Amino acid sequence: MTSSESEQSIVLGDVEVSRVVEWRGAFTPARDLVPDSAARTWKDNEDWLAPDHWEPDTGRAVLALQTWVLRSGGRTVLVDTGVGNGRERPGSPLFHHRQGDFLGSLARAGVRPEDVDVVVNTHVHGDHVGWNTVGVGGAGEGREWVPTFPNAQYLIPAADDFHFGPGNAYGNGLREDDRLIYEDSIAPVHRAGQAVLWEGAHRIDEHLTLEAAPGHTPGSCVLRLASGGDRAVFVGDLLHSPVQILDPACNSCFCLDPRAAASSRRRILERAADERELVVPAHFGGTGAVEVRRNADGFAPVPWGGPVG
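For clarity, every value in this text was computed on a predicted model and none was experimentally measured.

### Here we look at the overall build of the chain
Of the regular secondary structure elements, the chain holds nine helices and 18 strands. A compact globule built from 309 residues would reach a C-alpha radius of gyration of about 19 Å, and the chain, at 18 Å, matches this within 12%. Its C-alpha atoms give the chain principal-axis dimensions of roughly 55 × 40 × 35 Å. Pairs at least 24 residues apart make up 65% of the contacts formed inside the chain by residues separated by at least 6 positions. When the accessible surface of the chain is split by element, carbon and sulfur atoms take 48% of a total near 13100 Å². The distance from the centre of the 28 positive side-chain charges to the centre of the 43 negative ones in the chain is 2 Å.

This is how it looks when you write it as structure tokens:
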């Protein structure tokens, strides 16, 4: 493993990994985000949770919205695409009608939209699929949403596509935001013929493989990187906070199937600890990733000194 602070990237085997941050900051009260976590857990670990993951003074969790750019086998792969601009998100005031410079940040990382070959959506939540598309031709109802990355194959878990899509006649507790997210960020990719639905496992190339990890959503998944002697696992929203490494039974408030999510989380952490995989969650602040080790109580996070993005 080699790293370059000036380029804010690392190299794992033959894969270059860069980080593009769309937003970061204090999000919501920590114990609202991870309801089963104990107040004592946060306080007892304040020395390393603050300031990258927790604000002790306000009690708020600190999160980042970010896309990981993987350059592998001559192709450019994006892992998750953030919130996007100009979205109707009435249930998420922080991101409702948001305007940001994500595409500018992507360009500064050396990536133009037409350069992207593969987009991975680890699951279909609004902060993971928003830049799948961009709006053209006006505002409001007159706006048309089209794929941001015209040459890319979009890999979308089939179970999430069904759950959040119009084929799910029963809804299963879908929110209005869920319908809006599908309509502006997923359906246009289907119409453009760029969506690839998969289930179980899907190999992207010799270094990168998708693997189902259900629970947070029906189709939530992880992306495994194995190249040379280096290993990493991009875990999406299996982890929102390092306290979930200390107690994998603790789910976020966004997990749709808590039992399945906890099972997937423990399984992924066990393998990460045993195989020395770098764990890369979607929303960790600080350097954005963490190493995991087994201890007498289960698991312990080990700080990682990678690029800060």
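After that view, the rundown keeps rolling.
### Notes on helix 9 (residues 258-275)
Counted at 1.5 Å a residue, the expected span for helix 9 with its 18 residues is 26 Å, and the 26 Å between its end C-alpha atoms agrees. Those residues of helix 9 that fall on the buried side of the exposure criterion are Ala261, Ala262, Ser264, Arg265, Ile268, Leu269, Ala272 and Ala273. Projected down its long axis, helix 9 carries its buried residues within an arc of 165 degrees, all on one side. Within helix 9, the exposed residues directed more than 90 degrees away from the buried face are Arg259 and Asp274. Where helix 9 ends, the next residue or the one after it, Arg276, has phi of about 55 degrees, a positive value.

### A closer look at the pattern of salt bridges
Applying the stated criterion across every chain, the model contains 19 salt bridges. The salt bridge partner of Asp115 is Arg112, with a shortest N-O separation of 2.9 Å. Judged by its relative accessible area of 24%, Asp115 is partly exposed. Overall, the relative accessible area of 48% leaves Arg112 in the partly exposed class. Measuring nitrogen to oxygen at the nearest pair gives 4.0 Å for the salt bridge that ties Arg271 to Glu211. One end of the pair, Arg271, is in helix 9; the other, Glu211, is in strand 13 (residues 208-212), and 60 residues separate them in sequence.

### Concerning the packing of aromatic side chains
By the definition in use, this model includes four aromatic pairs. Ring centres of Trp68 and Phe234 lie 6.2 Å apart, and the angle between their planes is 65 degrees; this geometry places the pair in the edge-to-face category. Pair noted here: Trp68 is in strand 5 (residues 60-72) and Phe234 is in strand 15 (residues 230-236), with a separation of 166 residues, a long-range link. When sorted by exposure, Trp68 lands in the same class as Phe234, which is buried.

### Topic: the state of the cysteines
Counted by the stated rule, this structure contains zero disulfides. With no disulfide of its own, Cys221 lies closest to Cys255 among cysteine sulfurs, the gap being 14 Å. Judged by its relative accessible area of 3%, Cys221 falls in the buried class. Not part of a disulfide, Cys255 finds its nearest cysteine sulfur in Cys253, a span of 8.3 Å. The class for Cys255 is buried, based on a relative accessible area of 10%.

### What to know about the confidence of the model for the chain
On average, residues of the chain score 93 in pLDDT, and 94% of them are at 70 or above. Every residue in residues 1-7 scores below 50 in pLDDT, and together they form 10 contacts with partners more than four places removed in sequence or on other chains.

### Looking at helix 7 (residues 176-191)
With 16 residues, helix 7 should cover 22 Å at 1.5 Å per step; its first-to-last C-alpha distance of 21 Å lies within 8% of that length. Of all the bends in helix 7, the largest measures some 35 degrees and sits at Glu183. Turning to helix 7, its buried residues number three or more, namely Asp177, Asp178, Leu180, Ile181, Tyr182, Asp184, Ser185, Ile186, Ala187, Pro188 and Val189. Positioned one or two residues after helix 7, Gly193 has a phi angle of 75 degrees, which is positive.

### Concerning unusual backbone geometry
Of the consecutive residues Ala50 and Pro51, the connecting peptide bond is found in the cis state with omega at 0 degrees. Positive phi, normally seen in glycine, also occurs at Arg276, with a value near 55 degrees. With respect to the helices, strands and loops of the structure, Arg276 is situated in the loop between helix 9 and strand 16 (278-281).

### Thoughts on the environment of Phe164
Turning to its location among the elements, Phe164 is positioned in helix 6 (residues 158-164). Looking at Phe164, the relative accessible area reads 5%, which means it is buried. With 18 residues separating them in the primary sequence, Phe164 and Tyr182 have C-alpha atoms 6.5 Å apart. For Phe164, the residues in contact, after removing those within four places along its chain, are Val124, His125, Leu174, Asp178, Tyr182, Thr217 and Leu256.

### So, the environment of Glu55
Looking at the secondary structure, you find Glu55 in strand 4 (residues 54-55). Taking relative accessible area as the criterion, Glu55 reaches 31% and is therefore assigned partly exposed. A C-alpha to C-alpha distance of 41 Å links Glu55 and Asn151, two positions 96 residues apart in sequence. Those residues in contact with Glu55, other than ones at most four positions away along the chain, are Ala26, Arg60 and Val62.

Basis of the calculations
Residues numbered from 1 in each chain as written. Predicted model: local features only at pLDDT ≥ 70, side-chain atom pairs only at ≥ 80, totals over all residues. Heavy atoms only, no water. Helix = DSSP H or I, 4+ residues; strand = E, 2+ residues; numbered from the N terminus. Rg over C-alpha atoms; globule rule 2.2 N^0.38 Å. Contact = heavy atoms within 4.5 Å. Areas by Shrake-Rupley, 256 points an atom, 1.4 Å probe, with all protein chains shown as cover. Lys, Arg positive; Asp, Glu negative; His and termini not counted. Charge placed at Lys NZ, Arg CZ, Asp CG, Glu CD. Expected span 1.5 Å × (residues − 1). Buried < 20%, exposed > 50% of the residue type's maximum accessible area, 1.4 Å probe, protein only. Arc of directions from axis to C-beta. Salt bridge = Lys/Arg side-chain N within 4 Å of Asp/Glu carboxyl O. Phe/Tyr/Trp six-rings, centres within 6.5 Å; stacked < 30°, edge-to-face > 60°. Disulfide = S-S within 2.5 Å. pLDDT = per-residue confidence, 0-100. Bend = angle between axes of the 7 residues up to and from the residue.

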